[in-house]
Amino acid sequence: MPLIGGAGGAFAFSRQAYYTGPVSDHFDGTRFFDPHGVPPKPLTDLLRWQFGDDEKARWPETWPLAASDKPPARVEGEAIRLSYIGHASFLLQTRGLNILMDPVWSERMSPVSFAGPKRANPPGIAFEDLPKIDVVLVSHGHYDHLDLSTLSRLQAVHQPRVITPLGQDAIMKGHDAAIRAEAHDWGDRVEIGNGMAVHLAPMRHWSARGIFDRNKALWAAFVLEAPGGLVYHIGDTGYGDGHHFREAKRRFGGFRLAILPIGAYEPRWFMRDQHMNPAEAVQVMLDCGARRALAHHWGTVQLTNEAIEAPREALAAALAERGIAPETFRAIRPGEVWELPAAEA
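Structural notes, computed from the coordinates. On a predicted model such as this, the values are computed, not experimentally measured, just so you know.

Helices and strands together make up the secondary structure of the protein, namely eight helices and 14 strands. Among the 345 residues that make up the protein, the fraction classed as buried is 58%. Pairs at least 24 residues apart make up 72% of the contacts formed inside the protein by residues separated by at least 6 positions. Roughly 13,200 Å² of accessible area belongs to the protein as shown, and the carbon and sulfur atoms make up 52% of that amount.

Set out below in structure tokens:
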């Protein structure tokens, strides 16, 4: 399943190096690591979770959407239009650029099409209704974030630039050599046009496609730099001691918006190190100095034990406990849109 990387077709890559380069403070010459994090759980803990006594909520087979978004061709100026596609996938439109984040249109978030975690609702934008896509950001290699079939479809129709951390480009090009993937390290700044740039930043997570390639490719958060303000997008992360988020505030000075995961957090003994819960997501918003936050990684596909609406309910409770207005940190459903006017910049 996506949380452990998966198997199947991934084995074509799993014994190969995705990246070769100099040793650094987060690369030992073979595998990447987070100096402020912890390694992923061993297989024995995975089996304990899967076959143990932790209670697992039953999701509905389907959780239909109220509507499907049909975005405009472009959004000019400093206004930001964010359309939630589902799970960790967003379309962000601003300054005439269309940017997809961790796009997944596949029915299953799995290495195979006939088994594995299945969507409870369709994507919030039909693939055919996408505007011309300029840039794609892929945070890491788990199947619920890096969907090779979707990237190939995007390449065939839109030919976007795909910006991703070190090593993930090899996975993409190994599947489809035409994908315009370019890989970058933590701390890199990449100009994407129209006065905008993308920074790659650390997050507390890991990456794999199979059982033999753990951390052979890097994972990253993204900071979108635009004249209208900074947007901090984290695909997956644990909270830990909060170092990465306080460091993001120190480095960038705060954010116009943080896009943060709030789901896939139960049971805590297994998920704590790699996935934060809604209360921790609220703390991240405060730690990184974000004026507003938008939730993701919930309500689309069941990866862990919590109920389908539990993340949104827990987020509302956490905001109330901290005395934070609910509109400050929203949890919208796929097909819904949040628009930030230029006047907020």
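A few words now on the sheet that holds strand β11 (residues 257-261). In any sheet, the strands associate via hydrogen bonds between backbone groups, in a parallel or an antiparallel arrangement. Strand order in the open sheet formed by seven strands is β7-β8-β9-β10-β11-β12-β13, with mixed pairing between adjacent strands. Lying at the two open borders of the sheet, with one neighbouring strand each, are β7 (189-193) and β13 (329-330). One ladder, built from two bridges, connects strand β12 (residues 293-296) with β13; its direction is parallel. By the bridge assignment for β13, Leu-294 is matched with Arg-330. Against the sheet, helix α7 (residues 278-288) contacts β10 (231-233), β11, β12 and β13, and its axis sits at roughly 150° relative to β11.

What the seven strands build is an open sheet, ordered β6-β5-β4-β3-β2-β1-β14; its pairing is mixed. Each edge of the open sheet carries a strand with a single partner, namely β6 (180-184) and β14 (337-340). In this sheet, adjacent strand axes meet at a mean angle of 20° when their direction is disregarded. Examined bridge by bridge, strand β5 (residues 161-165) and β6 share five bridges and lie parallel to one another. In the strand pairing of β6, Pro-165 is matched with His-184.

Criteria and cut-off values
- Residues numbered from 1 in each chain as written.
- Predicted model: local features only at pLDDT ≥ 70, side-chain atom pairs only at ≥ 80, totals over all residues.
- Heavy atoms only, no water.
- Helix = DSSP H or I, 4+ residues; strand = E, 2+ residues; numbered from the N terminus.
- Buried < 20%, exposed > 50% of the residue type's maximum accessible area, 1.4 Å probe, protein only.
- Contact = heavy atoms within 4.5 Å.
- Areas by Shrake-Rupley, 256 points an atom, 1.4 Å probe, with all protein chains shown as cover.
- Pairing = 2+ DSSP bridges.
- Axes fitted to C-alpha atoms, helices over the stretch in contact; angles between N-to-C directions.

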